[in-house]
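The chain contents come next:
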Amino acid sequence: MAGTATMERTAGETAAPVDQDVLIVGAGISGIGMAVHLQMNCPDRSFGLVERRANLGGTWDLFRYPGIRSDSDMHTLGFVFEPWKHEKSIADGPAILDYLNRIVDERGIRDRIRFERKVVGADWDSAAARWTVTMEDGQGAVSTTTARWLYLGSGYYDYDKPFDAQFTGREDFQGQIVHPQFWPENLAYAGKKVVVIGSGATAVTIVPSMKEAAHVTMLQRTPTWYFIRPAKDGFANFLRKFLPEKLAYKITRFKNVRLQDIAFRRAREKPEKVKDYLTNKLKASLGDRYDAKAFTPPYDPWDQRLCLVPDADLFEAMKAGKASVVTDHIEKFDATGIQLKSGQHLDADIIVTATGLNLAVAGKIPVRVDGETVNWHEHYYYKACMFSNVPNFSAVFGYLNASWTLRADIVSEYVCRVLNHMRDTGTSVATPALADPASLEEENVFDFSSGYIQRSMHIMPKSTAALPWRLSQNYVQDRIDMRTGAIDDGVLRFGHARAAAAETPAAALEAAE
């Protein structure tokens, strides 16, 4: 852990010393990616990471349910700087953790991570131009650390409380109820009847993976659009035989980014054609097991995220008689299973409630600027990673229509550009200046019908139709804008520590210049 700040300060500036120039919260994909980008692009900056869990990996350490895997290909979920070397492009959780651990160890990052440190508060002091971050360890002991810049790689969902669908009668069920977010170690499901409630990526992963169960039923209220693809990327594996690892990875990543973009745009422009394509693939895979009721969603593809089925494993389990899909509504749980509104009863020894996540902004960390608590819903995204009138602060919220790491990479690169501009100009504060929020026309960029999105709109930061106040869903364009757009664009204001907070955002921004 670096203990002395390396950020240069102009003579006479009042900014106080800090424990590190950049504090990264979270040692998952976003946090590890930022650490490496700092090493590559800002070698003069000191940095540290704090992680609330005992291990790194974030999502990939938390979730332990059977078959846990990526729902994006690893040539785009992997980092731009580190080739994915495994044969399978759709990777399981342990392989992803191996990838992250190797990066951390090979690049000397592990010693900069403080594990079992839960951030419980972050306070910006304009007079000192620094963040003071308060943490608790596993025993409840409180400590603080300071940083010039705060980078949140804490993910997008609530680690503590998944979505609870509040099913009637669950207390009457005599079997075991499990939520995938808190999968018990060594759950004994061999020879048992299992019902998995849900039809998203988690349910579709769990159902074919519980091979030792007597039978697994996926109970869905609404069908999902599925996309079948091989777990191995034949093109990538072919290139690796003849080309250097980094070049083969770069070509495959370019190919997959383009295909993702084309597929998403086609789904929005010609949804009926995409529906026909996906349906025909399902019919070919399932044969006489195909049931239109179970596999015809009432929405267009990419109104919700497409659900990946690598090697058609769910449908292979159905054809083998090990799994089935039931489309119905739950009336109640009872002692032996689930009573459906149609009158059908599903017997169960174990019920898995794969009913989704609750979103969380800024990892639920109370963030205060000069003593005033930041209400994120009152702030606008700036360049998809900073927020109106919040200084020296950035966070990662990945793409809904592409791999999370694509955003994490370009955000890290952009923040490094900002830090280098501050070094070159001798400034210590960078604030996206928005004096009159009423002048902006808000637009919902989360135009997805997924429940976890719609349930959380009231807590999400705002976005507009045009840059820079926008969380775009267009990676190809974002990459160009973030890498080549002017840093000093007239919106991002650069300044120094100041004596006290002004009364209005406009006055505060003027004082910072």
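Note on numbering: residues in each chain are counted from 1, in written sequence order. pLDDT decides what is reported in this predicted model: residues at 70 or higher carry local features, side-chain atom pairs at 80 or more are listed and counted, and totals for whole chains, interfaces and linings draw on all residues regardless. For the side-chain quantities, the full set of heavy atoms in the structure was used; hydrogens and water were omitted.

Caption draft 1: Just the environment of L187, in detail. Assignment of secondary structure puts L187 in the loop between β7 (176–178) and β8 (193–197). Sequence separation between L187 and Y65 is 122 residues, and the spatial gap between their C-alpha atoms is 9.5 Å. For L187, the residues in contact, after removing those within four places along its chain, are Q176, V178 and I350. Secondary structure counts use DSSP, requiring at least four H or I residues in a row for a helix and at least two E residues in a row for a strand, with both numbered from the N terminus. The contact definition used throughout considers only heavy atoms, calling two residues in contact when any of these lie within 4.5 Å.

Caption draft 2: A look at the sheet that holds strand β16 (residues 350–353). Judged by pairing direction, the sheet is parallel, and its five strands sit side by side in the order β7-β16-β8-β9-β12 without closing on themselves. Two strands close off the open sheet at either side, each with one partner strand: β7 and β12 (323–327). Sheet twist, expressed as the average angle between the axes of neighbouring strands with direction ignored, equals 20°. At least two DSSP bridges between two strands are required for those strands to pair. Of the strand pairs in this sheet, β8 and strand β9 (residues 215–220) are connected by five bridges, and their pairing is parallel. Across the sheet, the residue bridging to V194 is V216, located in β9. Fitting a line to C-alpha atoms yields each axis, with helices limited to the stretch in contact; the angle taken between N-to-C directions then spans 0 to 180 degrees. With respect to the sheet, helix α5 (residues 201–209) is in contact with β8, β9, β12 and β16, its orientation differing from that of β9 by roughly 165°.

Caption draft 3: A look at a nonpolar patch on the surface. Only residues whose relative accessible area exceeds 30% and that take part in no salt bridge are eligible for patches, with like-charged residues grouped when within 9 Å of each other and nonpolar side chains (Val, Leu, Ile, Met, Phe, Trp, Tyr) grouped when within 5 Å. The Shrake-Rupley method, run with a 1.4 Å probe sphere, supplies the accessible areas, and residue values consider only the shown protein chains as cover. Put simply, a salt bridge is a Lys or Arg side-chain nitrogen that is within 4 Å of an Asp or Glu carboxyl oxygen. On the surface, F235, L247 and I251 cluster together into a nonpolar patch covering about 230 Å² of accessible area. Here L247 is to be found in helix α7 (residues 245–269).

Caption draft 4: View of the sheet that holds strand β14 (residues 337–340). One open sheet accounts for three strands, arranged β13-β14-β15; its pairing is antiparallel. Unpaired on one side and paired on the other, β13 (330–334) and β15 (345–347) mark the two borders of the sheet. Shown here is a sheet whose adjacent strand axes are inclined to one another by a mean of 20°, direction ignored. Here β13 runs beside β14; their pairing, made up of four bridges, is antiparallel. Each bridged residue has a counterpart across the sheet, and for K332 the counterpart in β14 is Q339.

Caption draft 5: Seen up close, the side chain of K275. Inspection of the secondary structure puts K275 in helix α8 (residues 271–286). A polar side-chain atom of K275 sits 3.0 Å from a polar atom in the side chain of D300. Distance and chemistry together define a polar contact, namely a pair of N or O atoms within 3.5 Å, with one atom able to donate a hydrogen and the other to accept it when in protein, and with adjacent residues in sequence counting only for side-chain atoms on both sides.

Caption draft 6: Structural context of unusual backbone geometry. With omega at 5°, the peptide bond leading from L467 into P468 counts as cis. Along the chain, the position of P468 falls in the loop between α12 (451–454) and α13 (475–484). One non-glycine residue, K383, adopts positive backbone phi at about 50°. Looking at the secondary structure, you find K383 in the loop between β19 (381–382) and β20 (386–387). Given a relative accessible area of 13%, K383 falls into the buried group. Think of it in three bands: residues with accessible area under 20% of the maximum for their type are buried, residues over 50% are exposed, and the middle band is partly exposed, with areas taken using a 1.4 Å probe on protein chains only.

Caption draft 7: Looking closely at the nonpolar core. Definition used in this section: a nonpolar core is a set of buried Ala, Val, Leu, Ile, Met, Phe, Trp, Tyr and Cys residues joined via side-chain atoms within 4.5 Å. One finds W149, F295 and F315 to be the most contacted residues of the largest nonpolar core, which totals 99 residues. By residue number, the principal contributor to this core is helix α11 (residues 404–425), which donates eleven residues.

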